[in-house]
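Given next are the chains, with one letter for each unit.
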Amino acid sequence: MTAVSDVSRQDLRRVAREAFGARNIVFVGLMGAGKSVIGKMVATALELPFVDSDAEIERVSQMTIAELFDLYGETEFRALEARVIERLLKSGPRVLSTGGGAFINEKSRALIKDEAVSIWLKADLDVLWERVKKRDTRPLLKTAEPEQTLKTLMEKRYPIYAEADITINSRNVRKEVIVEETIAALAARAGEAAIS
Ligand SMILES: Nc1ncnc2c1ncn2[C@@H]1O[C@H](COP(=O)(O)OP(=O)(O)OP(=O)(O)O)[C@@H](O)[C@H]1O
Ligand SMILES: O=C(O)C1=C[C@@H](O)[C@@H](O)[C@H](O)C1
Ligand SMILES: [Mg+2]
């Protein structure tokens, strides 16, 4: 027997896919917010192709993000990131999870606004810190006080991430909950667009 909640979940997925399947869906937010993990799960649920810009940068450069920062510095990394994001957006539609700094770049942000519906996965500092402190692969957090660095990045970046079309509160609940909330928010936005 099919439960009522399964039917409505399928309906929400159908509405979200029909409204946004022909447009890029882009996840933005700080390190540890869950862009890579949740983005891939949303793509699977909506049966859309998925790409992660950090993974794509590593694939094309044949280097890790940490190696790119070490060898060429942040400015060169940002230039490469902006080029990769432009190419991915223009060759979509797909679900694209970006690196934490991508939406901060003015040109990439303008492009994402033009070519995509954007979703900010917003999380509190303690949630982010619990997640990112387990791995030391993030070059921007190789500082004497990484938690403070993360806090400073939050203060600088949150007003900019807030320009995204949709905000989802990323917190310590099952990932599936965040995925369903994201799809419901996309479906709701589709409904608003249909009315206006
Ligand atoms: N709702 C959740 N519950 C538990 N763990 C989560 C949740 N969402 C994400 N995580 C975990 O947090 C970690 C960071 O997630 P992820 O790599 O997707 O973040 P990100 O936003 O892509 O970060 P970055 O900008 O560094 O690429 C991963 O280990 C992931 O499994
Ligand atoms: O927040 C950032 O600026 C970054 C986040 C990661 O996804 C990587 O793109 C890189 O480590 C930079
Ligand atoms: Mg990621």
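Named according to an unreviewed UniProt entry, the protein is Shikimate kinase originating from Georhizobium profundi.

Asker: How would you summarise the site of ligand 1 if you had to cite specific residues and measurements?
Answerer: The local shell around ligand 1 holds 15 residues, among which Lys-35, Ser-36, Val-37, Arg-138 and Val-173 are the closest. Within the contact set of ligand 1, a nitrogen atom lies 3.0 Å away from a backbone nitrogen or oxygen of Val-173. The leading source of residues in the shell around ligand 1 is helix H2 (residues 35–46), at 3 residues. Taken together, the residues of the shell around ligand 1 sort by class into 5 nonpolar, 4 polar and 6 charged.

Asker: Before we move on, could you go through the side chain of Lys-35 and cite the residues and values that matter?
Answerer: With respect to the helices and strands, Lys-35 occurs in helix H2. Once residues within four sequence positions are removed from consideration, Lys-35 is found in contact with Phe-27, Val-28, Gly-29, Leu-30, Lys-40, Ser-97, Thr-98, Gly-99, Gly-100 and Leu-121.

Asker: For the site of ligand 2, give the residues involved together with the corresponding values.
Answerer: Around ligand 2, the surrounding shell consists of Met-31, Asp-54, Ile-65, Phe-77, Arg-78, Glu-81, Gly-99, Gly-100, Gly-101, Pro-139, Leu-140 and Arg-157. Within the contact set of ligand 2, an oxygen atom lies 2.7 Å away from a side-chain nitrogen or oxygen of Arg-78. Here ligand 2 occupies the largest pocket. Counting residues per element, the shell around ligand 2 draws most heavily on helix H4 (residues 65–90), at 4 residues.

Asker: Go over the UniProt feature "binding site: ATP" (unreviewed entry) in the protein with me, naming the residues and quoting the values.
Answerer: According to UniProt, the feature "binding site: ATP" (unreviewed entry) maps to Gly-32, Ala-33, Gly-34, Lys-35, Ser-36, Val-37 and Arg-138 in the numbering used here. From this annotated list, the subset lining the largest pocket comprises Gly-32, Ala-33, Gly-34, Lys-35, Ser-36, Val-37 and Arg-138. For Gly-32, the location among the structural elements is in the loop between strand S1 (24–28) and H2. Of the residues examined, Gly-32 reaches a relative accessible area of 14% and is grouped as buried.

Thresholds applied
Residues numbered from 1 in each chain as written. Chains lettered and ligands numbered in written order. Predicted model: local features only at pLDDT ≥ 70, side-chain atom pairs only at ≥ 80, totals over all residues. Heavy atoms only, no water. Near = heavy atom within 4 Å. Polar contact = N/O pair within 3.5 Å; in protein donor to acceptor, adjacent residues only side chain to side chain. Helix = DSSP H or I, 4+ residues; strand = E, 2+ residues; numbered from the N terminus. Nonpolar A, V, L, I, M, F, W, Y, C, P; charged D, E, K, R; others polar. Contact = heavy atoms within 4.5 Å. 1 Å grid on protein atoms, 1.4 Å probe; cavity = no way out; pocket = protein on both sides within 12 Å on 5 of 7 lines; lining within 4 Å. Sits in = over half its atoms within 2 Å of the grid points. UniProt positions renumbered as here; feature names shortened; annotations may be inferred. Buried < 20%, exposed > 50% of the residue type's maximum accessible area, 1.4 Å probe, protein only.

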